[in-house]
Amino acid sequence: MAELRLNSPLQYVKGVGPRKSAVLTKHGLDTVEDILGYYPRQYLDRSNIVPINELKIDQPATIIGEVKAHGVLYGKAKRYEVILADETGNISLLWFRGVKYWERLFKKGMKFAVTGTPSYFQGLQLLHPDLERIDEHSDQMVHAGRIIPVYPQTSELSKVGLSSKGIRNVTSFVFDHLSEELDDYLPKTFLSKHHFMPRHTAVARTHYPDDRDQLESCRRRLAFDELLELQFLVARNKGRKASITKKRTYQPPGDMLTDFKNGLLFELTPEQKKATREIVADLQGERPMSRLLHGDVGCGKTVVAIAAALYAAENKFQCAFMAPTEILAQQHYRNWNEFLSAVGAVSAILTASSSAAEKKKVAQKCADGEIDILFGTHALIYDYVSFERLGLVIIDEQHRFGVEQRGKLYAKGEDPDLLVMTATPIPRTLALTLYGDLDISTIEALPPGRQPIRTVWRTDDVRDKVWQYLRDEIKSGGQAYLIYPLIEKSDQSNLENVEDAYRELSAGPLSDLRLAIVHGRVKPKERDAILEQFRIGKIDILLATTVIEVGIDNPNATVLVIEHAERFGLAQLHQLRGRIGRGGKPATAIAIAHPPVSAIARQRLEYFAEQGDGFLIAEADLQLRGPGEIFGVRQSGLPELRIANLWQDRQLMEIGRTLLEPMLTNPENLDSDSHKLYNYLTRKARRRELNLGGG
Ligand code: ADP
Ligand code: MG
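Residues numbered from 1 in each chain as written. Chains lettered and ligands numbered in written order. Predicted model: local features only at pLDDT ≥ 70, side-chain atom pairs only at ≥ 80, totals over all residues. Heavy atoms only, no water.

## Here we look at the sheet that holds strand S20 (residues 541-544)
- Strand order across the open sheet formed by six strands is S17-S22-S21-S18-S20-S19, with parallel pairing between neighbours. At either end of the open sheet lies a strand with only one pairing partner, and these are strand S17 (453-459) and strand S19 (515-518). Direction aside, the axes of adjacent strands within the sheet are offset by 15° on average.
- When S17 meets strand S22 (residues 587-593), the two strands line up parallel, connected through seven bridges. From the neighbouring strand, Val-456 faces S22, where its bridge partner is Ile-590.
- Where helix H20 (residues 599-610) meets the sheet, it contacts S17 and S22, and its direction lies at approximately 155° from that of S17. (Pairing = 2+ DSSP bridges. Helix = DSSP H or I, 4+ residues; strand = E, 2+ residues; numbered from the N terminus. Axes fitted to C-alpha atoms, helices over the stretch in contact; angles between N-to-C directions. Contact = heavy atoms within 4.5 Å.)

## Side note on the nonpolar core
- If you look at the biggest cluster of nonpolar residues, it comprises 42 residues, and the most contacted ones within it are Phe-260 and Ile-394.
- Those elements giving two or more residues to this core turn out to be helix H9 (255-263), helix H10 (270-284), helix H11 (302-314), strand S11 (318-322), helix H12 (326-342), strand S13 (373-376), strand S14 (390-395) and strand S15 (417-422).
- The biggest single contributor to this core is H11, with eleven residues.
- Aside from chain neighbours lying at most four places away, what touches Phe-260 is Val-303, Ile-306, Ala-307, Leu-310, Trp-336, Phe-339 and Val-343.
- Formed by 32 residues, the second largest nonpolar core is a distinct cluster that contains Ile-327, Leu-542, Ala-557 and Ile-617. (Core = buried A, V, L, I, M, F, W, Y, C linked by side-chain atoms within 4.5 Å. Buried < 20%, exposed > 50% of the residue type's maximum accessible area, 1.4 Å probe, protein only.)

## A few points about the packing of aromatic side chains
- Considering all chains together, one arrives at 20 aromatic pairs under this definition.
- Ring plane angle 45° and centroid distance 5.0 Å describe the contact between Tyr-250 and Tyr-311, whose orientation is recorded as tilted. Separated by 61 residues along the polypeptide, Tyr-250 in the loop between helix H8 (212-241) and H9 and Tyr-311 in helix H11 bring together distant segments of the chain.
- Residue classification places Tyr-311 among the buried positions, given a relative accessible area of 0%.
- An aromatic cluster of three or more residues is present, and its members are Tyr-80, Trp-95, Trp-102, Phe-106 and Phe-112.
- The ring of Tyr-185 carries Arg-221 above its face, with NZ or CZ at 5.8 Å from the centroid. (Phe/Tyr/Trp six-rings, centres within 6.5 Å; stacked < 30°, edge-to-face > 60°. Lys NZ or Arg CZ within 6 Å of the ring centre and 35° of its normal.)

## So, the domain arrangement of the protein chain
- Partitioning the protein chain into structural domains gives domain 1 (42-150), domain 2 (255-443) and domain 3 (454-611).
- Domain 1 and domain 3 are separated by 50 Å when their C-alpha centres are compared. (Domains from an automatic or database assignment.)

Structure representation (structure tokens):
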């Protein structure tokens, strides 16, 4: 048998013909090395084989037995049944899909290793178990009797016989015949210092571990590699930006900015002033600014961004100010356009709901340079929008945008300065990784006069008390938000929905109050009108879906009620809570949970009730649910992590930093070990950048 090398095409693997290899190629798997990187999605522990009469309900196990009978069962649902027996008893295996396939597969007397979780229905049964044929004529029991890998599946792969088991055949063949090892780009001394496995061992044992403990060591090594690549990519990005010289010059801040600050209804907090100074310095600098303005909900980032926009305007550069929702863009425009025009800056707004004529007019003015600050939604990135001299791009709630969207706006100027904002507090370690190519300004303290928000969580049987509380609160001059998870009744669930609630509450418990409703399907014009009515106090209670999560500002709102709070993540709950307590009055958030409330949801709600600090919430959120969408990991444009967990593996990032830092500060002068690592990471990064289209 010919030996396999890392770059051998997978076609050389026994059993992989042209048909299979074509499908593998489609999945990015061409060579032996590629398949080594196709990590298992989970494992089945077959190291403990159990006699059938010792199977227990809900306890995963493997049995080995012989097919006694098999055939289709008709009933409410057609299904395929196999009766499998060993010396101690028999059990029924059931499949609700793929009847034809099973019909062809099973023959009486065949032996199988079967792994699954027993359930009980007129006797013990295994539903859709994992199967391994045991061939009497070969002693090759590759897949049973140990911890075996289960590979990610696609229907295309299964169709050509590359189910998890089919891929297992490929990987086990590969490991049996591989004549070389994956090179390790990390120095040996480094590995032993930090107790990392060699790369080849880590990869090989990830596929075929000896035991469970070993798996964690493998994971740790591979996670380190993954994070290291990520860190390198970010650092490289930063380096690239630092090599651009921009063609804009700024004069020191003049009257416009001073007048603006004097005209504000409040004084900027020290942190707002500091952030403004940092931005002003960046704008005056030689390199394009890349700054993240970061701080908890309601800390007052917008006014800082507006000051930046004005400073650009003062220097005759245009600013594009993009927000993720219509509501938010409108609100920014409405809140600031008077202040702006008072000091001589022209602002305008462009969103999807602007009329065609309006869009045309605004786009024309913008192209002619007559608009200084253009607020808008995604509508800003369309081709018909152009700027005469776009100098500054501001992106609010940046984690709501994709890389491409941000890139498109950016491309409308010539290396414009970039200010992104996020209301999602990010733990420091993460911020450094995800946004390591950005400079960061943080606003930690809320503006003065904010009252802490009292937060409680209750189960839904206290609703009547809540309505009474609302009524009292509104009598004493407050306003409230009621948040629902759904717009309307759904067949799939019996969650509360905003439309039914509106009907019921306005007819019953809250009929004496002025209610209104907004959600994603209310037309933008109408929605704006409602929000405006709410803002000026003509509406007492706003019933809404989470469309209000982002940035809505009504300082007079003092109560927030969240229905089905058990369904929301911590960070989202916190964002919602940020809608209240914005004025000087004490505020209350009431999270209503509808049973059943899982243990983890309960933990979340308790933490939410006791913790008001957004940064701590963000960390807890990470621990409770792992780095999810909310941190914009995906949107950050960085590669998705397959193995590492940004939170759990944060120490690995620290180790990575110690490895990378000397290398990055002095790339001309590397010893041979560092040189090897540097080259490897550069190669990887280039491949990524090609995939990102240069992003
Ligand atoms: P976020 O950082 O969440 O975007 P906003 O910019 O919307 O917060 O500000 C929240 C509220 O705080 C707004 O009503 C804003 O006018 C107010 N605000 C901002 N800065 C100050 C300040 N220095 N003093 C008092 N109120 C302020
Ligand atoms: Mg905001």
